[in-house]
Amino acid sequence: DAGVTQSPTHLIKTRGQQVTLRCSPKSGHDTVSWYQQALGQGPQFIFQYYEEEERQRGNFPDRFSGHQFPNYSSELNVNALLLGDSALYLCASRFTTSGSREQYFGPGTRLTVT
Amino acid sequence: KQEVTQIPAALSVPEGENLVLNCSFTDSAIYNLQWFRQDPGKGLTSLLLIQSSQREQTSGRLNASLDKSSGRSTLYIAASQPGDSATYLCAVSIRGSTLGRLYFGRGTQLTVWP
């Protein structure tokens, strides 16, 4: 049973560029969340997707956008990259009707903006 | 707004010691609390999940307790080993947030030396 997978593993971009990160949820999971983790910090919630719609959003600017596909996989897009966007981007998935609400995280994508 | 704090920020102990990591949260209306392990530059591995109606959960040498009324949780690690060296994060899911957004602390960085 494959867990949560993310691609790419590492990415280096220049300020002002755009980036797309990808996530495939754990088998059977239908809700995907994205988190940003800066060095030495705890993960910060970006947004959450369910039924191909953004359901919740954290305190992130509109430069951060996303999408969920019919197969439940998801993309995170960041436009007009800033140096401060350098971080580990984590994807988490869960099954919506799971009473436990336990979430499973992927290995992350390390984004470096120069 | 839910705030999660973890103490201490870092801990260095010799192999074999029993140790306690602390987590506190400001809003006691939580749905559950999860403890995660994170190795350097990697994703999060779920260790234990405690529902708000539970007092503790155990897995091997790990025991997590929850005191919802005081807004506290502890992670007890028995007979620590060098392989336990990692950052330990706690996160809470709050009630009313049906899709399980997690609020994280900044983590405790644990080093166990031989």
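The structure this text deals with has already been given above.
Residues numbered from 1 in each chain as written. Chains lettered and ligands numbered in written order. Predicted model: local features only at pLDDT ≥ 70, side-chain atom pairs only at ≥ 80, totals over all residues. Heavy atoms only, no water.

Let's hear about the pattern of salt bridges: which residues, and what values?
All names here are of chain B. A complete count under the given rule lists seven salt bridges over all chains for this structure. For R61, the salt bridge goes to D84, with nearest N and O atoms at 2.8 Å. Taken together, the residues span a long stretch of sequence, with R61 in the loop between strand 6 (56-59) and strand 7 (62-67) and D84 in the loop between strand 8 (72-77) and strand 9 (86-94) at a distance of 23 residues. For R61, a relative accessible area of 30% puts it in the partly exposed group. D84 gets classed as buried once you look at its relative accessible area, which sits at 8%. (Salt bridge = Lys/Arg side-chain N within 4 Å of Asp/Glu carboxyl O. Helix = DSSP H or I, 4+ residues; strand = E, 2+ residues; numbered from the N terminus. Buried < 20%, exposed > 50% of the residue type's maximum accessible area, 1.4 Å probe, protein only.)

Before we move on, can you summarise the layout of surface pockets with the specific residues and values?
Any empty space left between the atoms is revealed when a probe the size of a water molecule rolls over them. In this structure, the largest pocket encloses a volume near 510 Å³. Along its surface, the largest pocket is lined by 25 residues, and Q37, G40 and Q41 of chain A together with Q38 and T87 of chain B are the ones closest to its centre. Mapped onto the lining of the largest pocket, the elements with two or more residues apiece are strand 1 (4-7), strand 9 and strand 11 (108-113) of chain B. The dominant element in the lining of the largest pocket, judged by the number of residues it contributes, is strand 11 of chain B, at four residues. Class assignment of the residues belonging to the lining of the largest pocket gives a composition of eight nonpolar, 13 polar and four charged. Roughly 350 Å³ of volume is contained in the second largest pocket. Around the second largest pocket sit 18 residues that line it, and Q44 of chain A together with K1, Q2, Y103 and F104 of chain B are the ones nearest its centre. Of all the secondary structure elements, the ones that give two or more residues to the lining of the second largest pocket are strand 5 (44-50) of chain A together with strand 10 (102-104) of chain B. For the lining of the second largest pocket, the element with the highest residue contribution is strand 10 of chain B, accounting for three residues. Its residues assigned to classes, the lining of the second largest pocket shows seven nonpolar, seven polar and four charged. (1 Å grid on protein atoms, 1.4 Å probe; cavity = no way out; pocket = protein on both sides within 12 Å on 5 of 7 lines; lining within 4 Å. Points joined across faces, edges and corners; volume = space filled by probe spheres on them. Nonpolar A, V, L, I, M, F, W, Y, C, P; charged D, E, K, R; others polar.)

Break down the sheet that holds strand 7 (residues 64-68) of chain A for me, with residues and values.
Residues and elements named next belong to chain A. In spatial order, the strands read 1-3-8-7; together these four strands make up an open sheet with antiparallel pairing. Of all the strands in the sheet, the pair left with one neighbour each is strand 1 (5-7) and strand 7. Taking the axes of each pair of neighbouring strands and ignoring which way they run, one obtains an average angle of 20° across the sheet. Sheet topology note: the strand 1/strand 3 (residues 19-24) ladder contains three bridges and is antiparallel. The residue of strand 3 that forms the bridge with T5 is S24. (Pairing = 2+ DSSP bridges. Axes fitted to C-alpha atoms, helices over the stretch in contact; angles between N-to-C directions.)

An account of the sheet that holds strand 6 of chain B is needed here, citing residue identities and associated values.
Remark on secondary structure: sheet strands pair via backbone hydrogen bonds, oriented parallel or antiparallel. Residues and elements named next belong to chain B. Pairing within the open sheet is antiparallel, and its five strands lie in the order 1-3-8-7-6. At either end of the open sheet lies a strand with only one pairing partner, and these are strand 1 and strand 6. With strand direction ignored, the average angle separating the axes of adjacent strands in the sheet is 15°. Looking at chain direction, strand 3 (residues 19-25) and strand 8 are connected through six bridges and run antiparallel. Looking at strand 8, one finds that S24 is bridged to R72.

Explain the interface of chain A and chain B to me, and be specific about the residues and the numbers.
Much of the literature gives interface size as the accessible area that the parts lose upon coming together. Each side of the interface is counted separately: chain A has 26 residues, and chain B has 24 residues. At the boundary of chain A with chain B, the tally comes to zero salt bridges. Every element with two or more residues in the side of chain A that touches chain B is listed here: strand 4 (31-37), strand 5, strand 6 (53-57) and strand 9 (87-94) of chain A. Considering only residue class, the side of chain A that touches chain B consists of eight nonpolar, twelve polar and six charged. (Contact = heavy atoms within 4.5 Å.)

Mind laying out unusual backbone geometry, listing which residues take part and the relevant values?
Most of the time, phi is negative for any residue but glycine, and the peptide bond is trans. Cis rather than trans, the peptide bond between S7 of chain A and P8 of chain A has omega equal to -5°. Note on placement: P8 of chain A falls in the loop between strand 1 and strand 2 (10-13). In this structure, P8 of chain B follows I7 of chain B across a cis peptide bond, with omega equal to -5°. Assignment of secondary structure puts P8 of chain B in the loop between strand 1 and strand 2 (10-14). The phi dihedral of Y72 of chain A is positive, around 80°, even though this residue is not glycine. Following the sequence through the fold, Y72 of chain A ends up in the loop between strand 7 and strand 8 (74-78). Since its relative accessible area comes to 39%, Y72 of chain A is described here as partly exposed. The phi angle at A80 of chain A is positive, at roughly 45°, despite the residue not being glycine. Residue placement: A80 of chain A occurs in the loop between strand 8 and strand 9. The class for A80 of chain A is partly exposed, based on a relative accessible area of 39%.

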